[in-house]
Amino acid sequence: MIISVLKGGLGNQMFQYAAARCLSVKKSCPFKLCISNFIDHETSNITKRDYSLNNFNIKETLIESNLSLKILKKLGLIKSISDNNFNKKYLEEIRYRTTILDGYWQSEKYFEEITNTIFDEFSLKTGFCREANYFNELILKSNSVSIHLRCGDYKKNSLLKTIYYDLTESYYNEAISIISRNFPDINFFIFSDDLPYARKFFESFEMPKTFIELKEDLYWQEIILMSHCKHNIISNSTFSWWGAWLNKNKNKIVVAPQNWFINDVGSSKEIVPETWRKI
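Computed from a predicted structure; not experimentally measured.

1. A look at the overall build of the protein
In step 1: Along the protein, the regular secondary structure elements total 12 helices and 11 strands.
In step 2: Looking at the protein as a whole, 52% of its 279 residues are labelled buried.
In step 3: A sequence separation of at least 24 residues applies to 67% of the contacts in the protein between residues at least 6 apart.
In step 4: Carbon together with sulfur atoms contributes 47% to the accessible area of the protein, which is approximately 13,900 Å² in total.

Encoded structure:
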């Protein structure tokens, strides 16, 4: 059995699910999702998060307490592994009957063998809300580009400021220029966890732009809205990473930041797919 210990926001949860899902297929064994971090508040995450994968059509068998996992681990009956960068050999060497995945697994290489399955299962369980449906219609009928600006905890938390690279106006200007040179009549759709800040940030940008505003508890629908855009400009956030990855446009241009972390706190070389444009 594969057990994935979920932590972090929705984007991270999606990576953790996808890695476990793929491994369970390869090993022909069941998998479960441990959500104790969202119930027992044992997670070390700085920003409080909720379990959100249940909004998608996933295979869902939950473990709500990790007490039994801790006991089995101490007895040496199960193995816990953690990794952020892609390490294919590491996973292939799993020999334990039960294995706990306790990491972030931020690379498409962990699940590229079941790409179609991930596309299917990361679809909405229910339809768009009224507001999202309105924006979706605008996106589908235009030459649309999503832009994601991660603010919130990246801007306000002193620790996160030392971890994640700060994307400035120059990054977004260059990204917008890259896509605008290739396609006429672009319409930009701006997604952010802090819309007042985003409105001020993009105020001087001379381009057709629409700010996506949904109710706070429907944020997960924004990932699907991003995926319906023809092209994507992402921030160094797994939330917009998934919006771009789920985009099925074969001719899409995805612009991503070259620098994900500050001072090599973590390596970003495996996070951004090779076909995306890094600046």
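On we go from here.
2. Things to note about the environment of L10
In step 1: With respect to the element layout, L10 can be found in helix 1 (residues 10-27).
In step 2: A residue is classified by how much of its surface remains accessible, and L10, at 4% relative accessible area, is buried.

3. Let's talk about the sheet that holds strand 6 (residues 143-149)
The strands making up a sheet associate through backbone hydrogen bonding, with each pair oriented either parallel or antiparallel.
In step 1: Read from one edge of the open sheet, 6 strands run 8-7-6-9-10-11, paired in parallel fashion. A strand with exactly one partner marks an edge of an open sheet, and here the two such strands are strand 8 (209-211) and strand 11 (277-278).

4. A few points about the environment of I139
In step 1: Tracing the backbone shows I139 in helix 6 (residues 130-140).
In step 2: Of the residues examined, I139 reaches a relative accessible area of 0% and is grouped as buried.
In step 3: Between the alpha carbons of I139 and F188 there is a distance of 9.0 Å; along the sequence they are 49 residues apart.
In step 4: When near neighbours in sequence (up to four residues on either side) are disregarded, I139 contacts S144, F189, L225, H228, C229 and K230.

5. Section: unusual backbone geometry
In step 1: At S28, a position not held by glycine, the phi torsion is positive, near 55 degrees.
In step 2: On the secondary structure map, S28 appears in the loop between helix 1 and strand 2 (31-34).
In step 3: The class of S28 is exposed, set by a relative accessible area of 68%.
In step 4: A positive phi angle is found at W105, which is not glycine, with a value near 55 degrees.
In step 5: Position of W105 among the secondary structure elements: in the loop between strand 5 (99-101) and helix 5 (115-121).
In step 6: Since its relative accessible area comes to 1%, W105 is described here as buried.

6. Here's the deal with helix 6
In step 1: Among the residues of helix 6, those classed as buried are A132, F135, N136 and I139. Buried residues in helix 6, looked at end-on, bunch into an arc of 105 degrees, giving them a common side.
In step 2: In this structure, the buried side of helix 6 is in contact with strand 6, strand 7 (186-192), strand 8 and helix 11 (220-228).

7. As for the packing of helix 11 against helix 12 (residues 238-245)
In step 1: Closest axis-to-axis distance for the helix 11/helix 12 pair is 7 Å, and the angle between their directions is 40 degrees. The orientation of helix 11 with respect to helix 12, classified from their angle, is oblique. The two elements helix 11 and helix 12 cross, and the hand of that crossing is right-handed. On helix 12, the residues touching E222, I223, M226 and S227 of helix 11 are F239, S240, W242 and G243.

8. Examining the nonpolar core
In step 1: Judged by nonpolar contacts, the single largest core of 57 residues is most densely connected at L53, F111, F122, W241 and W242.
In step 2: Contributions of two or more residues to this core are made by helix 1, strand 2, helix 5, helix 6, strand 7, helix 11, helix 12 and strand 10 (254-256).
In step 3: No other element matches helix 1, which puts 9 residues into this core.
In step 4: Apart from residues lying up to four places away in sequence, W242 is in contact with G11, M14, F15, A18, F111, I118, F122 and I223.
In step 5: Ranked by size, the runner-up nonpolar core spans 24 residues in total, among them V145, M207, F211 and V255.

9. Some thoughts on the pairing of strand 6
In step 1: Of all 7 residues in strand 6, 7 are buried, a share of seventy percent or more.
In step 2: Burial along strand 6 is two-sided: N143, V145, I147 and L149 and S144, S146 and H148, pointing in opposite directions, are all buried.
In step 3: Pairing between strand 6 and strand 7: 7 bridges, direction parallel. When the bridges of strand 7 are listed, N143 appears paired with I186.

What counts and what doesn't
- Residues numbered from 1 in each chain as written.
- Predicted model: local features only at pLDDT ≥ 70, side-chain atom pairs only at ≥ 80, totals over all residues.
- Heavy atoms only, no water.
- Helix = DSSP H or I, 4+ residues; strand = E, 2+ residues; numbered from the N terminus.
- Buried < 20%, exposed > 50% of the residue type's maximum accessible area, 1.4 Å probe, protein only.
- Contact = heavy atoms within 4.5 Å.
- Areas by Shrake-Rupley, 256 points an atom, 1.4 Å probe, with all protein chains shown as cover.
- Pairing = 2+ DSSP bridges.
- Arc of directions from axis to C-beta.
- Axes fitted to C-alpha atoms, helices over the stretch in contact; angles between N-to-C directions.
- Parallel < 35°, antiparallel > 145°, perpendicular 65-115°, else oblique.
- Left-handed = near helix turned anticlockwise from the far one by under 90°.
- Core = buried A, V, L, I, M, F, W, Y, C linked by side-chain atoms within 4.5 Å.

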